[in-house]
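# Coordinates in review
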Amino acid sequence: MAENGEEKLIAVARHIAKTLGRNDTMADDILQIFSKFDGRFSREKLSEKMGEDDHRTYLALEQSLKSLDRRIARYIAADHPIWSDPADSSAFLDATDELIETIRDWNPMAGEKPVAACLDRADLLLQQVMFKLAEEFRSMMERGGESFDQTRSFGNDESAGNFSLDSDDEEDEDGGIEDHIPTAHPIADYDIVIDALPFGTINDLHEITKRMIAAGFDKECSHVFSSCRREFLEESLSRLGLQKLSIDEVQRMAWSDLEDQIERWIKAANVALRILFPSERRLCDRIFFGFPSSADLSFMEVCRGSTIQLLNFADAVALGSRAPERLFKVLDVFETLRDLMPEFDVVFSNHYCFSLGNEAVTIWKRLGESIRAIFIELQNLIRRDPPKTPIPGGSLHPITRYVMNYLRAACRSSQTLEQVFDENISTDRSLPSSSLYIEMVWIMDLLDSNLEAKSKIYKDSALRSVFMMNNGRYIIDKVRDNELGSLLGDDWIRKHSAKMRQFHVNYHISSWSKMLGLFKPDSTDTSKSIKEKLKSFNMYFEDTCRTQSTWIIFEDQMREELRSSVAEKLLPAYENFMKRFQNIAEAGKQTEKTMKNSLQDMKARIDGLFEGGRGGRGGTGRN
């Protein structure tokens, strides 16, 4: 072997001399320089006629290739996996190493026709070897994945052991296996890594990888690896219930179906970014150890399709309908993607995957834009709800119930909404209020304006006040003691409560001030004038009680408060008036005849107010 090595070295020196020397004199000068540089390049050896020894050198190369061809051919033609026998795999790798080394050593002399012909044959043999290595690579990955119990890597941890992408098989009546869609078991801990292949298999794959990369087949090696692992990822997402859907298909999906798909997407995204992708990154780093660029490329090819599938679904949700009822599911997708951003940064940090990380950020921001657009649509919904038919009895309007329950539910995600609206806030940081506060106050003002317009449908000003009290009380009740109230603050609640008190005053003025005016003392009162006043009062009182007994105060406490306030103002004034009437001598025996209502009768009539007719409240509730 040492003799062959020296021959190769001398042959290379001769080749350099022949290549660089434009004529015999220049070539001779170069040979003389070599002889002074190394004793092995003696003038006698190098001054020999180069053509006479070239044939012997080329013959050595050809014999070496024939030997390698015989050794390699038996493995390429074998009908069983080479790596089924450690001795075979070791011998095949040794032969591969020798072939790669031979090509590398003789490549500087490729300009010589005999060497070029031998190298062409060597390249063809190398391609066969690489094809066989790729075949063995794929076979080992498939066999290793099937035989290795992935849950072994989780140890005995019970919560981690819940992770499984396998489904339980069920037998049908004929004893066969019933076909059904497999689903994933619940995951209690995302801090786990899957060892997709046995340790020995990973080492064998690494040895193949080293040879393929050394031979310049790094892309082919990455392709074989990624095609196998990509199938695993796609199957994993499928078993988690995530369908392959285009953006158009997602947008055409019925909302109930889309809600279900979003729930599945959230689970799949968490498993992919926190378990599957890090596990694939780890596997790439181990198989392509020492070749970081190939590891990065392989990882990108493995995860790109599944990542795009996940991001396209989120993008479809972001680009979908702006209907207000979609807010909460869009928030779920936004929060999921936001919480997974650190995983995106870590897993997709190399330059091959950089675009995937950027796309995730872009879609996350687009989801924020979608949330802001949904709130704009909510505002438009309030504006477009016209004052048409009045609500019977001045009760709670459906839009008040809808908007307040909507905002209350939305504010359970107040921190997320703050983040969403801060993206769109004015650059004027001197403003004392948060962006979400401004948004909520604006919506509340729109609702107030809408209700004011609706109240004007009622011809009776007292009923108008009852309508505003019903809706105003509902608003305050929904704001108190929750995230919405914390956001709007005590000042907003106090101001709204003051408006409520004004509606209360307006109601009394519209309903009872005229009657109370009849009871005011007048020095010119006579028995006759007092009788007229009493008759007028009885008529007004009867008419008012009959009318307002059909009105509705939906909230029990407010209904009792309003009745009590009426009784507190009316009954003492009525009692004083009757005492004055009885003290006038001319009244005589006609007093009892004129007094239609006793205090108890009046109290009973007042207690019948706001029942919505026949003691009912029109089926309204407080929710």
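Model, not experiment: these values are computed from the prediction.

### Brief notes about the overall build of the protein
- The secondary structure content of the protein amounts to 24 helices and zero strands.
- Taking the contacts inside the protein whose residues are at least 6 apart along the sequence as the reference set, 79% of them involve residues at least 24 apart.
- Total accessible area on the protein stands at roughly 32,100 Å², and carbon and sulfur atoms take up 50% of it.

### A closer look at the nonpolar core
- Counting residues in hydrophobic clusters, the biggest one holds 168 residues, and the most contacted among them are Phe-375 and Tyr-507.
- The greatest single-element share of this core, amounting to 15 residues, is contributed by helix α11 (residues 255-287).
- Excluding its chain neighbours within four sequence positions, the residues that come into contact with Phe-375 are Leu-327, Leu-407, Ala-410, Leu-417, Phe-421, Glu-439, Met-440 and Ile-443.

### Description of the environment of Arg-143
- With respect to the element layout, Arg-143 can be found in helix α6 (residues 113-147).
- Separated by 58 residues in the primary sequence, Arg-143 and Thr-201 have C-alpha atoms spaced 9.3 Å apart.
- Of the polar contacts made by the side chain of Arg-143, one reaches the side chain of Ser-139; its length is 2.4 Å.

### Some remarks on helix α13 (residues 327-339)
- The first and last C-alpha atoms of α13 sit 18 Å apart over 13 residues, in line with the 18 Å expected at 1.5 Å per residue.
- Among the residues of α13, those classed as buried are Leu-327, Lys-329, Val-330, Leu-331, Val-333, Phe-334, Glu-335, Thr-336 and Leu-337.
- The elements touched by buried residues of α13 are α11, α12 (292-319), α14 (341-347), α15 (354-384), α16 (398-410) and α17 (414-422).

### With respect to the confidence of the model for the protein
- Looking at the protein, the pLDDT average stands at 83 and 77% of residues meet or exceed 70.
- Within the protein, the lowest mean pLDDT, 37, falls on helix α7 (residues 158-161), and the highest, 97, falls on α13.
- With pLDDT under 50 throughout, residues 148-184 is counted as low confidence; its partners more than four residues away or in other chains account for 56 contacts.
- Below pLDDT 50 for its whole length, residues 615-620 participates in 13 contacts with residues either more than four positions away or in separate chains.

### Some details on the environment of Glu-136
- Of note, Glu-136 is situated in helix α6.
- C-alpha of Glu-136 to C-alpha of Leu-205: the two residues are 69 residues apart in sequence and 8.9 Å apart in space.
- Not counting residues up to four positions away in its chain, the partners in contact with Glu-136 are His-80, Pro-81, Ile-82, Trp-83 and Ile-208.
- A polar contact is formed between the side chain of Glu-136 and the backbone nitrogen of Ile-82, at a distance of 3.0 Å.

### Considerations on the pattern of salt bridges
- Throughout the structure, instances matching the rule amount to 31 salt bridges.
- One salt bridge connects Glu-611 with Arg-563, and the closest N-O pair in it is separated by 2.5 Å. Highlighted residues: Glu-611 in the segment after α24 (599-606) and Arg-563 in helix α22 (residues 556-583), separated in sequence by 48 residues. Both residues of the pair, Glu-611 and Arg-563, belong to the buried class.
- Ionic contacts of the salt-bridge type, sharing partners, join the residues Asp-97, Glu-207, Lys-210 and Arg-211 into one network.

### Some remarks on the packing of aromatic side chains
- For the structure on display, the rule yields 21 aromatic pairs.
- Taken together, the aromatic side chains of Trp-512, Phe-519, Phe-537, Phe-541, Tyr-574 and Phe-577 make up a single cluster linked through ring pairs.
- Over the ring of Phe-232 we find Arg-229, and its NZ or CZ is 4.4 Å from the ring centre.
- Over the aromatic face of Phe-299 sits the side chain of Arg-281, whose NZ or CZ is 5.1 Å from the ring centroid.

### Some remarks on the packing of α15 against helix α18 (residues 435-455)
- Two numbers describe how α15 lies on α18: the axes approach to 9 Å, and their chain directions differ by 15 degrees. Here α15 is positioned roughly parallel relative to α18, judged by the angle of their axes. The handedness of the crossing between α15 and α18 is left-handed. Of the residues in α18, those touching α15 at Phe-375, Leu-378, Gln-379, Ile-382 and Arg-383 are Glu-439, Met-440, Trp-442, Ile-443, Leu-446, Leu-447 and Asn-450.
- Among the residues making up the contact of α15 with α18, the classes are represented as eight nonpolar, two polar and two charged.

### Details of the state of the cysteines
- One pass over the full model with this rule turns up zero disulfides.
- As a non-bridged cysteine, Cys-303 has Cys-284 as the owner of its nearest cysteine sulfur, 7.0 Å distant.
- Take Cys-303: its relative accessible area is 0%, and that puts it in the buried class.

### Some words on the environment of Ser-294
- Structurally, Ser-294 can be placed in helix α12.
- Classification of Ser-294 by relative accessible area gives buried; the value is 9%.
- Sequence-wise, Ser-294 and Asp-218 are 76 residues apart; in three dimensions their C-alpha atoms are separated by 6.7 Å.
- Beyond its immediate chain neighbours, meaning those up to four positions away, Ser-294 contacts Ile-213, Asp-218, Ser-222 and Phe-288.

### Considering α16
- Over its 13 residues, α16 runs 18 Å from end to end, which matches the ideal 18 Å to within 8%, given 1.5 Å per residue.
- Summarising the contacts, the buried residues of α16 are in contact with α13, α15, α17, α18, α19 (461-479) and α20 (483-518).

### Remarks on empty space enclosed by the protein
- For the coordinates displayed, the defined rule picks out six cavities of 30 Å³ or more.
- For the largest cavity, the calculated volume is near 60 Å³.
- Elements that contribute at least two residues to the lining of the largest cavity include exactly α18, α19 and α20.
- With four residues, the top contributor of residues to the lining of the largest cavity is α19.
- Residue composition of the lining of the largest cavity, grouped by class: four nonpolar, three polar and two charged.

### Details of the packing of α22 against α24
- Their axes nearest at 10 Å, the elements α22 and α24 cross at an angle of 160 degrees. As far as their axial angle goes, α24 and α22 are roughly antiparallel. Between α22 and α24 lies a crossing of right-handed hand. Touching Arg-563, Val-566, Ala-567, Leu-570, Leu-571, Tyr-574 and Glu-575 of α22 are Leu-599, Met-602, Lys-603 and Ile-606, all from α24.
- Grouping the constituent residues of the contact of α22 with α24 by class yields eight nonpolar, no polar and three charged.

Thresholds applied
Residues numbered from 1 in each chain as written. Predicted model: local features only at pLDDT ≥ 70, side-chain atom pairs only at ≥ 80, totals over all residues. Heavy atoms only, no water. Helix = DSSP H or I, 4+ residues; strand = E, 2+ residues; numbered from the N terminus. Contact = heavy atoms within 4.5 Å. Areas by Shrake-Rupley, 256 points an atom, 1.4 Å probe, with all protein chains shown as cover. Core = buried A, V, L, I, M, F, W, Y, C linked by side-chain atoms within 4.5 Å. Buried < 20%, exposed > 50% of the residue type's maximum accessible area, 1.4 Å probe, protein only. Polar contact = N/O pair within 3.5 Å; in protein donor to acceptor, adjacent residues only side chain to side chain. Expected span 1.5 Å × (residues − 1). pLDDT = per-residue confidence, 0-100. Salt bridge = Lys/Arg side-chain N within 4 Å of Asp/Glu carboxyl O. Phe/Tyr/Trp six-rings, centres within 6.5 Å; stacked < 30°, edge-to-face > 60°. Lys NZ or Arg CZ within 6 Å of the ring centre and 35° of its normal. Axes fitted to C-alpha atoms, helices over the stretch in contact; angles between N-to-C directions. Parallel < 35°, antiparallel > 145°, perpendicular 65-115°, else oblique. Left-handed = near helix turned anticlockwise from the far one by under 90°. Nonpolar A, V, L, I, M, F, W, Y, C, P; charged D, E, K, R; others polar. Disulfide = S-S within 2.5 Å. 1 Å grid on protein atoms, 1.4 Å probe; cavity = no way out; pocket = protein on both sides within 12 Å on 5 of 7 lines; lining within 4 Å. Points joined across faces, edges and corners; volume = space filled by probe spheres on them.

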